[in-house]
Amino acid sequence: MILDQAAGGRIMQKLLTQIRACRLCESHLPLGPNPVIQASPSARLLIIGQAPGTRVHESGVPWNDASGNRLRQWLNTDTETFYDPARVAIMPMGFCYPGKGRSGDLPPRPECAPAWHSQLLAHLPEVKLTLLIGQYAQQYYLAGTDLLKQHKTLTERVRHHTLWPAGYFLLPHPSPRNQLWLQRNRWFELETLPLLQQRIAELKLHD
């Protein structure tokens, strides 16, 4: 078992090195490539969000911004736990900052997830809960499901938690830009967040 864990760790480190050296969509990135990823074979929680913003691009630390502060509040977890790859894996839909659009950052580059996600998932055997944050992660991982067919909007998908596939938890993006959404959907704070925090507690990330 110890040998298996060691071998798994070596494979993961090799894969992370390859990802951090990725230049697949370099010509489309206004600030150049800087893949941001956190993972270990022992991680129990997997967070799949959108793509790094400028602050995360500069620091290389995932969710190192106002969105990350709110996400950690939602999870009821501290920064030490959140940034421990042995407990939490962070795998955005796009590993690099995609650039600025008319109303915020551009969508994640489409090349990224098909190139790397399945390889990473193959070496995350201990993940018990996956957070799908925002529409891009939800549309990619729920493609073809009744949940996506019946509930077209993110709001509908997040609210109908009884229909989520096993092992998934759907969330809106915790960006400050979504403050109006949070105000309009008070049920999220009253109903969904307690459920989320219960699921996180069951993972025993603090042990």
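First, a word on scope: everything that follows refers to the structure included in this document. Along each chain, residues carry numbers from 1 onward, in the same order as the chain's sequence is written. Only residues with pLDDT of 70 or above have their local features reported here, since the model is predicted, and side-chain atom pairs are shown and tallied only from 80 upward, although totals for entire chains, interfaces and linings are computed over all residues. For side-chain calculations, the full set of non-hydrogen atoms in the structure is used, while hydrogens and water are omitted.

## Focus on the overall build of the protein chain
In plain terms, the rule: Put simply, DSSP H or I for four residues or longer makes a helix, DSSP E for two residues or longer makes a strand, and each gets a number counted from the N terminus. All radius of gyration figures rest on C-alpha atoms, and the globule criterion is 2.2 Å times the number of residues raised to 0.38. Each residue is assigned to one of three classes by its accessible area relative to the maximum for its type, calculated with a 1.4 Å probe on protein chains only: buried under 20%, partly exposed between the two thresholds, exposed over 50%. Note on contacts: a residue pair is in contact if any heavy atoms of the two residues lie within 4.5 Å.
Along the backbone of the protein chain there are 10 helices and six strands. Over its C-alpha trace the protein chain gives a radius of gyration of 17 Å, about what one expects of a compact globule, namely 17 Å for 207 residues. Each of the three principal axes of the protein chain carries a C-alpha extent, and together these read 45 × 45 × 35 Å. Counting the 207 residues in the protein chain, one finds 46% classified as buried. Restricting the contact set of the protein chain to residue pairs at least 6 apart, pairs at least 24 apart contribute 72%.

## Quick word on empty space enclosed by the protein
The gaps of empty space that remain are located by a probe, the size of a water molecule, rolled over the atoms. To keep it simple, the criterion reads: Buriedness for pockets is judged along seven lines, at least five of which must meet protein on both sides within 12 Å for an open set on the 1 Å grid over protein atoms alone, while cavities are sets there where a 1.4 Å probe fits but cannot get out, and lining residues have an atom within 4 Å of a point. Grid points are joined across faces, edges and corners, and a volume is the space filled by probe spheres set on the points. Polar here means any residue outside two lists: the nonpolar Ala, Val, Leu, Ile, Met, Phe, Trp, Tyr, Cys and Pro, and the charged Asp, Glu, Lys and Arg; Gly therefore counts as polar.
Going through the model one piece at a time under the given rule, you end up with one cavity of 30 Å³ or more. Considered as a void within the structure, the largest cavity measures approximately 100 Å³ in volume. Lining of the largest cavity is provided by 15 residues; of these, C22, C25, F95, C96 and C112 occupy positions nearest its centre. Taken together, the residues that form the lining of the largest cavity break down as 10 nonpolar, one polar and four charged.

## Describing the pattern of salt bridges
Put simply, the test is: Throughout this description, the term salt bridge denotes a Lys or Arg side-chain nitrogen within 4 Å of a carboxyl oxygen of Asp or Glu.
In total, this model carries four salt bridges according to the counting rule given. Here D105 and K100 are joined by a salt bridge, their closest N and O atoms 3.1 Å apart. Looking at K100, the relative accessible area reads 54%, which means it is exposed.

## With respect to the layout of surface pockets
Taken as a whole, the largest pocket holds about 890 Å³ of empty space. If you go around the largest pocket, you meet 34 residues; those closest to its centre are Q50, S67, D105, H173 and S175. Sorting elements by how many residues they give to the lining of the largest pocket places helix α2 (residues 54-59) first, with three residues. Residue composition of the lining of the largest pocket, by class: 17 nonpolar, 12 polar and five charged.

## Regarding the environment of P107
For P107, the position within the fold is in the loop between β4 (104-105) and α5 (112-121). Residues P107 and M93 lie 14 residues apart in sequence; the distance between their C-alpha atoms is 9.2 Å. Excluding residues within four positions of it along the chain, P107 makes contact with P98 and Y136.

## Topic: the nonpolar core
The test is simple: Residues belong to a common nonpolar core when they are buried Ala, Val, Leu, Ile, Met, Phe, Trp, Tyr or Cys residues joined through side-chain atoms within 4.5 Å.
One finds L45, I47, L120 and L131 to be the most contacted residues of the largest nonpolar core, which totals 52 residues. Discounting chain neighbours no more than four positions away, the residues touching L45 are L75, R87, V88, A89, L129, L131, I200, L203 and L205.

## Looking at the sheet that holds strand β6 (residues 168-171)
As a reminder of what qualifies: Two strands pair if DSSP finds at least two bridges between them. Axes here mean lines fitted to C-alpha atoms, for a helix over just the part in contact, with angles spanning 0 to 180 degrees between N-to-C directions.
With parallel pairing, the four strands of this open sheet are ordered in space as β2-β1-β5-β6. Bordering the open sheet on either side are β2 (88-90) and β6, each of which pairs with just one other strand. Put simply, the sheet's adjacent strands are angled 20 degrees from each other on average, direction ignored. As paired strands, strand β1 (residues 45-48) and β2 are joined by three bridges and run parallel to one another. Following the sheet pairing, I47 is matched in β2 by I90. The strands that helix α3 (residues 66-75) touches are β1, β5 (129-133) and β6; relative to β1, the one it contacts most, it runs at about 145 degrees.

Fair warning: the whole summary comes from geometry, so function is off the table for now.
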